[in-house]
Amino acid sequence: MSKVEALQVLLLKKLDEQNEIANTSHLEFEGKKLTVQDAQSAILSLAARSMVEFERHDIEVYTLTTEGEEILKNGSHEAKVFNEICASMSGLSIGELKDKLGNTAGLGQGRAFKLGWIKKDGDKLIKNTDSIEDGTPKLLAEIKEHGTHKDTKALNDLKKRKLVERNKLMYFSLKKGPNFSLTIEKLNTDLTADMITSRSWENAKFKDYNFAAEGIPPAGGCLHPLMKVREEFRKFFFELGFEEMPTNNYVDSGFWNFDALFVPQQHSARDVQDTFFLKKPAFTNKLPDLDYVARVKSTHENGGETRGIGYRAPWSEEETRKLILRTHTTAVSGNMLYKLAKNGFRPAKYFSIDRVFRNETVDATHLAEFHQVEGVICDRNLTLGDLIGFMEVFFAKMNVRNLRFKPAYNPYTEPSLEIFSYHEKLGKWVEVGNSGMFRPEMLEPMGLPKDVRCLGFGLSLERPTMIKYGISDIRQLMGPKVNLDLIQAGSAVRLDRED
Ligand SMILES: N[C@@H](Cc1ccccc1)C(=O)O
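Right, let's walk through the structure included here. Remember, it's a predicted structure, so these values are computed and weren't measured experimentally.

This brings us to the overall build of the protein chain. The helix and strand inventory of the protein chain stands at 18 helices and 17 strands. For 499 residues, the compact-globule formula gives about 23 Å, and the C-alpha radius of gyration of the protein chain, at 43 Å, lies well above that figure. With respect to the principal axes defined by its C-alpha atoms, the protein chain has extents near 135 × 60 × 50 Å. Evaluated residue by residue, the protein chain yields a buried proportion of 39% over its 499 residues. Within the protein chain, contacts between residues at least 6 apart in sequence are counted, and of these 69% link residues at least 24 apart. Approximately 28900 Å² of the protein chain is accessible, and the part contributed by carbon and sulfur atoms is 51%. On the protein chain, the mean spot of the 70 positive side-chain charges and the mean spot of the 71 negative ones are 2 Å from each other.

In structure tokens, the structure reads:
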């Protein structure tokens, strides 16, 4: 049995005998006076089980100093002086008294005179009365017992003489609680799988939540490596004059994720195999202004007012209203470009870094949930050369040079370029991003002027983070199997580096 448990048993026994405990500080435990700390920890956990009810009392008491204790035991200095003088037949000189009593002589003389116990006779001190009553030890004994005294004058006098001092004291009073019992049941703190399968949870007793608990303050903290790399990217973007796009909606519509970007409704990316669809609610009732939606529809079906001929297939409004988890942050970029057109075009540079979702099988390099870094630049007279030039500037900020660009396909960009960089350690070219010039079929229905060009690019946040921290399995970075050591070590690496 632990010390706390032993004390709890003692308290419960006392309560059983006398129904209440008025003052815990009068109790003895293990041969000593019960301390407030011990009392508190034992009582709080009994109270948490409603076995006892308690009240806390904060009071001020007078306690004896060491000198006070000494006087209580052996009498006051003045009494010692009187007794010494009585013991000598013909009185004592001050020097003789000092030889016998040491310091006490000096301390006691004054009060002995004042009380009329002694007087001077030539150069001798002699007694002035036959018997005395030494009041000080009596007062001290009463104060020791009650912690205070009615006679405030005497109390203050003793305080001045440094025989007593004032102290704060805390104690508890206890009563039986509704669950009072002499035995302490162990309460469950966890609901386990075993308890569920054996149904023992039905009769099990659980410890109440302690909502007042403050928890253990963390000794320190660190940013997740992904968040650190995100901060670095943000810094680069701000240095290059970009504005950050608001990206807080993970749920978006087929319209913004696909249709506004001229992704055909028959595209495989819109399949459940690639995209997470919402069940409840499954459709949005919020579409942008209907003229714009109509222009998107006709552009898909037959090219609308653009120079293109569209996909030559029917376009369904139901498909566009489907709610999904956004599969790329280009959904946000499209929305921003539409707002830019609506508010009157001005040259703009936007970026975002946030989470996207794809219905993919998770493996060492793929997660169903990851982050994209995306940027768009919108201005008159932009060319493919601007895109390539900008990508070189951007990646150079991360010390990634010697880029190669490979023609690719995105429904919303033409031309589209995959960006590769030579990876020294792996000894091969690795894809670091995807980019392109947004198609007129995307920009014109939004109402952007026909001579405005817009370039865009996207990359994952996980890939550069893994390269930076030498992580080969993406699952160590995110998800249920995250490697905390690696994350903390990775952070430490970043903390003590200057770059
Ligand atoms: N959305 C693309 C990236 C991209 C953004 C903008 C323009 C071109 C490409 C992706 O998910 O890979």
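With antiparallel pairing, 3 strands are arranged side by side in an open sheet as E1-E8-E4. Since the sheet does not close on itself, it has two edges, and those belong to strand E1 (20–21) and strand E4 (52–64), each with one partner. Here 13 bridges tie E4 to strand E8 (residues 164–176), and the two strands are oriented antiparallel to one another. For Val 52, the partnering residue across the bridge sits in E8 and is Lys 176. Relative to the sheet, helix H7 (residues 135–146) contacts E4 and E8, its axis offset from that of E4 by approximately 160°.

Further remarks concern the site of the ligand. The immediate surroundings of the ligand are formed by 15 residues, with His 328, Thr 330, Arg 358, Gln 372 and Tyr 412 found nearest. Arg 358 is positioned such that a nitrogen or oxygen atom in its side chain is 3.1 Å from an oxygen atom of the ligand. Between the ligand and Asn 434 there is a distance of 3.2 Å, counted from an oxygen atom to a side-chain nitrogen or oxygen. Out of a free accessible area of 320 Å², the ligand has 91% covered by protein chains. Elements supplying a minimum of two residues to the shell around the ligand: strand E13 (369–380), strand E16 (428–438) and strand E17 (452–460). Here the shell around the ligand gets 4 residues from one element, more than from any other, and that element is E16. The residue inventory of the shell around the ligand, partitioned by class, reads 3 nonpolar, 10 polar and 2 charged.

In this structure, Phe 233, Phe 390, Met 391, Phe 394 and Phe 395 are the most contacted members of the largest nonpolar core, which totals 34 residues. At the level of secondary structure, the elements contributing two or more residues to this core comprise helix H10 (225–239), strand E12 (348–357), E13, helix H15 (384–397), strand E15 (413–423), E16, E17 and helix H17 (462–469). Contacts of Met 391, omitting those with residues within four sequence positions, involve Leu 403, Phe 405, Ile 419 and Phe 457.

Across 7 bridges, strand E14 (residues 403–410) lies against E15 in antiparallel orientation. If you follow Ala 408 over to E15, its bridge partner there is Ser 416. Taken together, E14 and the strand that follows it, E15, pair antiparallel across an intervening segment of 2 residues. When E15 meets E16, the two strands line up antiparallel, connected through 9 bridges. Looking at E16, one finds that Ile 419 is bridged to Gly 433. The antiparallel hairpin formed by E15 and E16 contains 4 residues in its connecting segment, where Gly 427 sits at a positive phi of about 65°.

All right, on to the environment of Glu 244 then. Here Glu 244 is to be found in strand E9 (residues 243–244). Judged by its relative accessible area of 35%, Glu 244 is partly exposed. Glu 244 sits 96 residues away from Leu 340 along the chain, and the two C-alpha atoms are 14 Å apart. Beyond its immediate sequence surroundings of up to four residues, Glu 244 is in contact with Arg 234, Phe 238 and Phe 351. Looking at Glu 244, its side chain comes within polar contact range of the side chain of Arg 234, at 2.6 Å.

A complete count under the given rule lists 24 aromatic pairs for this structure. Summarising the aromatic geometry, the rings of Phe 233 and Phe 236 are spaced 6.3 Å apart at their centres and angled 85° between planes, so their arrangement reads as edge-to-face. Separated by 3 residues within a single helix, Phe 233 and Phe 236 lie in helix H10, roughly one turn from each other. Across the pair, exposure class does not vary: Phe 233 and Phe 236 are buried alike. With a centroid separation of 4.4 Å and an interplanar angle of 5°, the aromatic rings of Phe 237 and Phe 351 are classed as stacked. Highlighted residues: Phe 237 in helix H10 and Phe 351 in strand E12, separated in sequence by 114 residues. The same class applies to Phe 237 as to Phe 351, namely buried. Taken together, the ring pairs connect Phe 233, Phe 236, Phe 237, Phe 238, Phe 242, Phe 351, Phe 390, Phe 394, Phe 395 and Phe 457 into an aromatic cluster. Sitting over the ring of Phe 180, Lys 176 keeps its end group 4.9 Å from the ring centre.

What counts as what
- Residues numbered from 1 in each chain as written.
- Predicted model: local features only at pLDDT ≥ 70, side-chain atom pairs only at ≥ 80, totals over all residues.
- Heavy atoms only, no water.
- Helix = DSSP H or I, 4+ residues; strand = E, 2+ residues; numbered from the N terminus.
- Rg over C-alpha atoms; globule rule 2.2 N^0.38 Å.
- Buried < 20%, exposed > 50% of the residue type's maximum accessible area, 1.4 Å probe, protein only.
- Contact = heavy atoms within 4.5 Å.
- Areas by Shrake-Rupley, 256 points an atom, 1.4 Å probe, with all protein chains shown as cover.
- Lys, Arg positive; Asp, Glu negative; His and termini not counted.
- Charge placed at Lys NZ, Arg CZ, Asp CG, Glu CD.
- Pairing = 2+ DSSP bridges.
- Axes fitted to C-alpha atoms, helices over the stretch in contact; angles between N-to-C directions.
- Near = heavy atom within 4 Å.
- Polar contact = N/O pair within 3.5 Å; in protein donor to acceptor, adjacent residues only side chain to side chain.
- Nonpolar A, V, L, I, M, F, W, Y, C, P; charged D, E, K, R; others polar.
- Core = buried A, V, L, I, M, F, W, Y, C linked by side-chain atoms within 4.5 Å.
- Phe/Tyr/Trp six-rings, centres within 6.5 Å; stacked < 30°, edge-to-face > 60°.
- Lys NZ or Arg CZ within 6 Å of the ring centre and 35° of its normal.

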